[in-house]
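Architecture at a glance
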Amino acid sequence: MVWFYLLSGLFLGWSLGANDAANVFGTAVGTRMVKFKVAAFIASVFVIIGAVVSGAGAAHTLGKLGAVNALGGAFTVALAAAVTVSWMTKLGLPVSTTQAIVGAIVGWDIFAGVLIDTKTLTKIVSTWVICPILTGAFSFVIFKLTKALLKFAKIHILELDLYTRCGLLVIGAFGAYSLGANNIANVMGVFVTANPFKDLNVFGLFTLRGTQILFLLGGIAIAVGIYTYSYRVMKTVGSDIFKLSPIAALIVVLAESLVLFIFASESLERLLIRLGLPTIPLVPVSSSQAVVGGVIGIGLARGGGRAINFGILTKIFWGWILTPLTAGIISFFSLFFMQNVFQQKVYEPVTHQITDTVLQKLEAEGVKNPFLDSLRGRIFHNSRKLKYYLKLKSNLHWSEIDKVIEYSLVDSMMIDSNVAKVELKPNWFTEGQIEAVKRLHGTVFAHRWQLADTLQKLSPEWRFKPKKRENRAYNKDLAAKYQKIFHIFRLSRIRKEEEFEGGTHSKGTA
Amino acid sequence: MFSVLKKTKALEGRIDEFLDTIMEAALEFKQGIKYYLDGDVEEFEKRAKHVDQLEGRADRLRREIENQLYSEMLLPEARGDVLALLENSDDVLNIIADTIVEFSIEQPEFLPEITDQFMTLVDVSIEAVEEMVMAVRSYFKDITAVRDHITKVMFFEKESDKVGEKIKRYLFSRKDLRLSHKMHLRTFVSYLQAIADKAEDIGDRVTIYAIKRMV
């Protein structure tokens, strides 16, 4: 059943491979500088490496937008995105998997009654606009530099041809890596929260985390897409759409790869934090739109505003609106059908309960309101409804409402020191952190903040550092550790695993 | 990678050799005609033979280069242009070789009063060829220099037109000469003009190809 659910994600991966590999190797293959077989092999290998090694960053951002917490829901969301992509491709619109999946996730958020993280959504949408502009700027600058360099270096046409081929292969490999790292989130991101895979030790050499196994599968699906269908797309891209010289093509691919990379690389983010520079959000972006930006950049560098094809720009602009909207609508209605017609669980319902503990916590945080006291004992099954209810009925400030929603969220967890021993790897968690968790063996928590508060009391290593630029990396890492703790000790997850193991056991005895 | 680079360098060397051959043949032609006009038939025939040999060598080199370009799928974008350049450059050499053979066969009788002018015509036509070879070489290595050479090619071609016309006018203004003699000499003037014309044709091509080669 797990495999069936993953199918929609794999389908999405296949279509991504079929369409977007052409953005990396299209011109190289289209202009016959690189053979398709070579291009397909390099693209496949590096897409998979990029997805497995560096896919987590952008996937994390998508997860923040909507943590699709049931496999049935993830299946439907990915399917809605895949259908949108196929449909819009047929209509001839420059469609982006990224925009489709974001729309589909927002559709799920609305259906599941989960609050939409507007901050993350704004971050994602703004990168859609920034991405082609940034690629354009990069290709403009690289073009000017290359031109100056070639004028100065006076390289023989045959040697230049050789270097360009090598460049197309090397930069193509980098592009494929960046594509895998950045876009695997589109394919498999929605399955991360409901990930059925456990960590896997590969012959004692290294450990693949559950998410990485998921990304590996997605990467393989992309590779299949590249091998089975991308040739036609590459031919079209290379010979019809962007008639570029091989060197210009190389520059466009380099600019595009850099942009995909900087929107995906966690190591770059860490480096920027260490240097005290502003970071770039890790967000899946559209490689097709990056390419368009890159081509325009070259055109502008060659001179003249004639380079800007307003027709294509208008299409892209409409893509920004139409793609997520269509995917969102399809996602919402498919989820409705999945739940009510096929009787599949598409989300784990969220529960908010205003208890004495919650009220005390809120008071300690400075949120005190007689209206909240009147809600004592009330249960809400929908974050969004609770938010609107509080907005309507109380005079709480929006930041206070956010706190009420956060602290009243019921997310039961039970600490098991045996699980802690297996799951908390000493190469990530400190000894003090693991010890503190183990000491809580058998304790049950109703809210995330309760567990966090307790851990912070038990060990200073679980405490966040003051909000300063130099502490950002540390705090981000600590937040990720908290997420891991919440995930592994969540009661609903433990119950599901027990059911699963019971199921296999009964099968075994039958 | 290194073996590929070595192979590429070898091919570059072959292209250079091809262009050197054209240049050498052109200079040899000039020397040959000089000996012919000076009446040194033996030396002329030696040079004519050498030009013929060079023409054969250039043909062979051109075929080798073309084969390698196609069989190794090199320069997919510019291959057509490169082939056109090589073949047209070879055509110049063919005209040069044919002309010197015609001299050897037909032995035109030059009038002493036009010998100097005829030699000037040979000089400017061959200079056009030399500049054309340099333009083609620049196309491969340094496209910024193409323009300078093309300007010179065009200049020498025009010069050859002017000098050629002057000689022809002079020939046909002479009442004492037989028409057959006039026409015979006119043919040889035209041959030399044709060499410069072809060089200019190639110059035009190089200009376009160089624009296409701009990044």
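Everything quoted here is computed from the prediction, not taken from an experiment. (Residues numbered from 1 in each chain as written. Chains lettered and ligands numbered in written order. Predicted model: local features only at pLDDT ≥ 70, side-chain atom pairs only at ≥ 80, totals over all residues. Heavy atoms only, no water.)

1. Some points on the overall build of chain A
A tally of regular secondary structure across chain A gives 21 helices and seven strands. Principal axes of the C-alpha set define a box for chain A whose edges measure 75 × 60 × 50 Å. Within chain A, contacts between residues separated by at least 24 positions form 79% of all contacts whose residues are at least 6 apart in sequence. Just so you have it, chain A exposes about 23700 Å², and 64% of that area is on carbon and sulfur atoms. Put simply, chain A has 53 plus and 31 minus side-chain charges, and the middle of one group is 9 Å from the middle of the other. (Helix = DSSP H or I, 4+ residues; strand = E, 2+ residues; numbered from the N terminus. Contact = heavy atoms within 4.5 Å. Areas by Shrake-Rupley, 256 points an atom, 1.4 Å probe, with all protein chains shown as cover. Lys, Arg positive; Asp, Glu negative; His and termini not counted. Charge placed at Lys NZ, Arg CZ, Asp CG, Glu CD.)

2. Points about the overall build of chain B
Secondary structure assignment for chain B yields six helices and zero strands. Put simply, chain B runs from its N terminus to its C terminus through helices and strands in the order α-α-α-α-α-α. By the compact-globule yardstick of 17 Å for 215 residues, chain B fits well, its C-alpha radius of gyration being 19 Å. Reported as C-alpha extents along the three principal axes, the dimensions of chain B are approximately 70 × 35 × 20 Å. Out of the 215 residues in chain B, the part that is buried amounts to 53%. The long-range share in chain B, meaning contacts at least 24 apart out of those at least 6 apart in sequence, stands at 81%. Distance from the positive charge centre (32 side chains) to the negative charge centre (43 side chains) of chain B: 2 Å. (Rg over C-alpha atoms; globule rule 2.2 N^0.38 Å. Buried < 20%, exposed > 50% of the residue type's maximum accessible area, 1.4 Å probe, protein only.)

3. With respect to the packing of aromatic side chains
Residue and element names in this part refer to chain B. Taken as a whole and assessed by the stated rule, the structure comprises 29 aromatic pairs over all chains. Grouped by ring-pair contacts, the aromatic residues Tyr36, Phe44, Phe103, Phe110, Phe118, Phe188 and Tyr191 constitute a single cluster. Note that Arg79 overlies the ring of Tyr70, its terminal NZ or CZ placed 4.8 Å from the centroid. (Phe/Tyr/Trp six-rings, centres within 6.5 Å; stacked < 30°, edge-to-face > 60°. Lys NZ or Arg CZ within 6 Å of the ring centre and 35° of its normal.)

4. Some details on the interface of chain A and chain B
On the chain B side, the residues contacting the 26 residues of chain A number 23 residues. The junction of chain A with chain B conceals about 2100 Å² of combined surface from both sides, 69% of it contributed by carbon and sulfur atoms. On the chain A side of the interface with chain B, the three residues burying the most area are His156, Ile157 and Leu158 of chain A, jointly 32% of the side's total. The interface formed by chain A and chain B holds two salt bridges in total. Here Glu159 of chain A makes a salt bridge to Lys9 of chain B, at a shortest N to O gap of 3.2 Å. The tally of links from chain A across to chain B stands at three residue pairs in polar contact (both at pLDDT 80 or more). (Buried area = accessible area lost by both parts, 1.4 Å probe. Salt bridge = Lys/Arg side-chain N within 4 Å of Asp/Glu carboxyl O. Polar contact = N/O pair within 3.5 Å; in protein donor to acceptor, adjacent residues only side chain to side chain.)

5. What to know about helix 19 (residues 448-458) of chain A
An α-helical turn contains 3.6 residues, so any two residues separated by three or four positions project in the same direction. Trp449, Gln450, Leu451, Ala452 and Leu455 of chain A are the residues of helix 19 of chain A that are buried. Its buried side turned inward, helix 19 of chain A meets helix 13 (356-364), helix 16 (398-408), strand 6 (413-414), helix 18 (431-439), strand 7 (444-445) and helix 20 (472-489) of chain A.

6. Re the nonpolar core
One broad trend across soluble globular proteins is that nonpolar side chains are buried collectively. Among the nonpolar cores identified, the biggest contains 86 residues, and Phe25, Leu62, Val77, Ile101, Met188, Val190 and Phe191 of chain A are the most heavily contacted of them. No other element matches the eleven residues that helix 1 (residues 2-30) of chain A contributes to this core. Setting aside residues up to four positions removed in sequence, Val190 of chain A forms contacts with Val68, Ala74, Val77, Ala78, Ile101, Ile105 and Ala185 of chain A. Leu61, Phe103, Val136 and Ala210 of chain B belong to the second largest nonpolar core, which has 73 residues in total. (Core = buried A, V, L, I, M, F, W, Y, C linked by side-chain atoms within 4.5 Å.)

7. Considerations on the domain arrangement of chain A
Residues and elements named next belong to chain A. By domain assignment, chain A separates into domain 1 (2-340), domain 2 (351-410) and domain 3 (413-509). Each partner contributes residues to the interface: domain 2 has ten residues there, and domain 3 has six residues. Between domain 2 and domain 3 lies a buried interface of about 560 Å² when both sides are counted; carbon and sulfur atoms form 61% of it. Counting across the domain 2 and domain 3 interface gives one salt bridge. (Domains from an automatic or database assignment.)

8. Concerning the environment of Lys158 of chain B
Assignment of secondary structure puts Lys158 of chain B in helix 5 (residues 146-173). Residues Lys158 of chain B and Met119 of chain B, spaced 39 residues apart in sequence, show a C-alpha to C-alpha distance of 16 Å.

9. Details of the confidence of the model for chain A
Residue and element names in this part refer to chain A. For chain A, per-residue confidence averages 83 on the pLDDT scale, and 93% of positions sit at 70 or higher. The least confident element of chain A, judged by mean pLDDT, is helix 21 (residues 491-509) at 50; the most confident is helix 2 (residues 36-54) at 93. In this model residues 502-510 is a low-confidence stretch, pLDDT under 50, and it forms zero contacts with partners more than four residues away in sequence or in other chains. (pLDDT = per-residue confidence, 0-100.)

10. Details of a nonpolar patch on the surface
A contiguous nonpolar patch, built from Phe317, Trp318, Ile321, Leu322, Leu325, Ile329, Phe333, Phe336, Phe337, Val341 and Phe342 of chain A and spanning about 1100 Å² of accessible area, is present on the exposed surface. Mapping Val341 of chain A onto the fold places it in the loop between helix 12 (310-340) and strand 3 (351-353). (Patch = residues over 30% accessible without salt bridge, like charges linked within 9 Å, V, L, I, M, F, W, Y side chains within 5 Å.)

11. Quick look at the confidence of the model for chain B
Averaged over all residues, the pLDDT of chain B is 93; the fraction at 70 or higher stands at 99%. Confidence scores differ between elements of chain B, with helix 1 (residues 2-38) of chain B showing the lowest mean pLDDT of 93 and helix 5 of chain B the highest of 96.

12. Looking at the sheet that holds strand 4 (residues 379-380) of chain A
Residue and element names in this part refer to chain A. An order of 4-3-5 is seen for the three strands of this open sheet, with the pairing classed as antiparallel. The two strands at the open ends of the sheet, each matched to only one other strand, are strand 4 and strand 5 (409-410). Pairing between strand 3 and strand 5: two bridges, direction antiparallel. Counted as the bridge partner of Thr351 is Val410 from strand 5. (Pairing = 2+ DSSP bridges.)

13. What to know about helix 7 (residues 157-188) of chain A
Residue and element names in this part refer to chain A. If you check helix 7, its first and last C-alpha atoms are 44 Å apart, about what 32 residues at 1.5 Å a residue would give, namely 46 Å. Roughly 40° is the biggest bend found in helix 7, and it falls at Asn182. A large share of helix 7 lies buried, amounting to 27 of its 32 residues. (Expected span 1.5 Å × (residues − 1). Bend = angle between axes of the 7 residues up to and from the residue.)

14. A few points about the environment of Ser459 of chain A
Residue and element names in this part refer to chain A. The residue Ser459 is located in the loop between helix 19 and helix 20 in this model. Ser459 sits in the buried class, given a relative accessible area of 5%. When near neighbours in sequence (up to four residues on either side) are disregarded, Ser459 contacts Gly432 and Ala436.

15. Regarding a negative patch on the surface
Together, Asp161, Asp197, Asp201 and Asp204 of chain B make up a region of like negative charge exposed at the surface. Considering each element in turn, the negative patch owes the most residues, three residues, to helix 6 (residues 179-213) of chain B.

16. Quick notes on the packing of helix 4 (residues 71-90) of chain A against helix 5 (residues 97-112) of chain A
Residue and element names in this part refer to chain A. Following both chains from N to C, one finds helix 4 and helix 5 inclined at 140°, their axes separated by 8 Å at the closest point. Of the possible angle classes, the one that applies to helix 4 and helix 5 is oblique. Taken as a pair, helix 4 and helix 5 cross one another with a handedness that is right-handed. Touching Gly73, Val77, Ala78, Ala80, Ala81, Thr84 and Val85 of helix 4 are Thr97, Ala100, Ile101, Ala104, Ile105 and Trp108, all from helix 5. Each residue belonging to the contact of helix 4 with helix 5 can be placed in one class, and the counts come to ten nonpolar, three polar and no charged. (Axes fitted to C-alpha atoms, helices over the stretch in contact; angles between N-to-C directions. Parallel < 35°, antiparallel > 145°, perpendicular 65-115°, else oblique. Left-handed = near helix turned anticlockwise from the far one by under 90°. Nonpolar A, V, L, I, M, F, W, Y, C, P; charged D, E, K, R; others polar.)

17. Brief notes about the environment of Glu12 of chain B
Within the secondary structure, Glu12 of chain B sits in helix 1. We classify Glu12 of chain B as buried; its relative accessible area is 9%. Spatially, the C-alpha atom of Glu12 of chain B lies 42 Å from that of Phe110 of chain B, the residues being 98 residues apart in sequence. Other than its neighbours up to four places away in sequence, Glu12 of chain B contacts His156, Leu158 and Glu159 of chain A.

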